Each structure stands twice: as structure tokens, then as C-alpha cells.
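Here are the chains, one letter per residue:
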Amino acid sequence: MRGHRPLRKENAIRRPRPRTYTPTAAEAAAWADALIPHQLLHAAVLAPNGQWLVQDTPETRVRVLDGPAAMVDLAAEIQHRLRATRNRTR
């Protein structure tokens, strides 16, 4: 194709690798503690039943995540979004 440039490897968006372990509540809590101070999440609370209640901003609805794996997946999604945005602005 004329004018077509191949996508450079460092700009390609990679698919996440399949998880080879089950995330723990401690790992999920560590991610929540890291995301909130950087304002990537407004709030994340571990409910007594093991679910996570998360809120992106003070104005958004509270979402219910089903366990530590869902919280870790959310953290990965946020990281992926940040990396994709950074690559586009370079």
C-alpha cells in the first residue's frame, strides 16, 4: 500500500498473557493502594465477602469486582490504557 508504514514493534499493543496463578487479597490490596494516590482510582474497598467496591472518580457509580483477580485485572487494564496513551503522545 502506498503511504503505509508498518507498525513499529515498540508501539504495538500486546495482549495480556494468561494468568498462571491466582492473585491474593494482599496483592489486590497492594494494587488498590498504588492506584489511589496516583488518582487512577478514586476509591477501592474490600468488602467482607471478598468483593471489591471501586469508584473511578467521585462522580461515577461504584462498581463491584468479584474478588482479588478482578481487582488485579482492573489494575492491568489501567496500566494498559496508560501505556497506550503514552505511546500515542510520543
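Before any of the text, the structure's been laid out above.
Residues numbered from 1 in each chain as written. Predicted model: local features only at pLDDT ≥ 70, side-chain atom pairs only at ≥ 80, totals over all residues. Heavy atoms only, no water.

## Observations regarding the sheet that holds strand S1 (residues 43-46)
The strand order S1-S2-S3 describes an open sheet built from 3 strands, whose pairing is antiparallel. The open sheet has two free edges, formed respectively by S1 and strand S3 (63-65), since each of these has just one partner strand. Direction aside, the axes of adjacent strands within the sheet are offset by 25 degrees on average. Of the pairings in the sheet, the one linking S1 to strand S2 (residues 52-55) comprises 4 bridges and is antiparallel in character. Note on S2: the bridge partner recorded for Ala-43 is Gln-55. (Pairing = 2+ DSSP bridges. Helix = DSSP H or I, 4+ residues; strand = E, 2+ residues; numbered from the N terminus. Axes fitted to C-alpha atoms, helices over the stretch in contact; angles between N-to-C directions.)

## Topic: the pairing of S2
Bridging between S2 and S3 involves 3 bridges; their strand directions are antiparallel. Residue pairing for S3: Trp-52 is matched across the bridge by Leu-65.

## Focus on the nonpolar core
Note that soluble globular proteins tend to have their nonpolar side chains buried in a common cluster. One finds Leu-41, Ala-44, Trp-52, Val-54, Met-71 and Leu-74 to be the most contacted residues of the largest nonpolar core, which totals 13 residues. Where this core is concerned, the elements lending two or more residues are helix H1 (25-35), S2 and helix H2 (68-89). Per-element accounting of this core gives the leading share, 5 residues, to H2. Residues contacting Ala-44, with those up to four places away along its chain left out, are Ala-32, Ile-36, Trp-52, Leu-53, Val-54 and Met-71. (Core = buried A, V, L, I, M, F, W, Y, C linked by side-chain atoms within 4.5 Å. Buried < 20%, exposed > 50% of the residue type's maximum accessible area, 1.4 Å probe, protein only. Contact = heavy atoms within 4.5 Å.)

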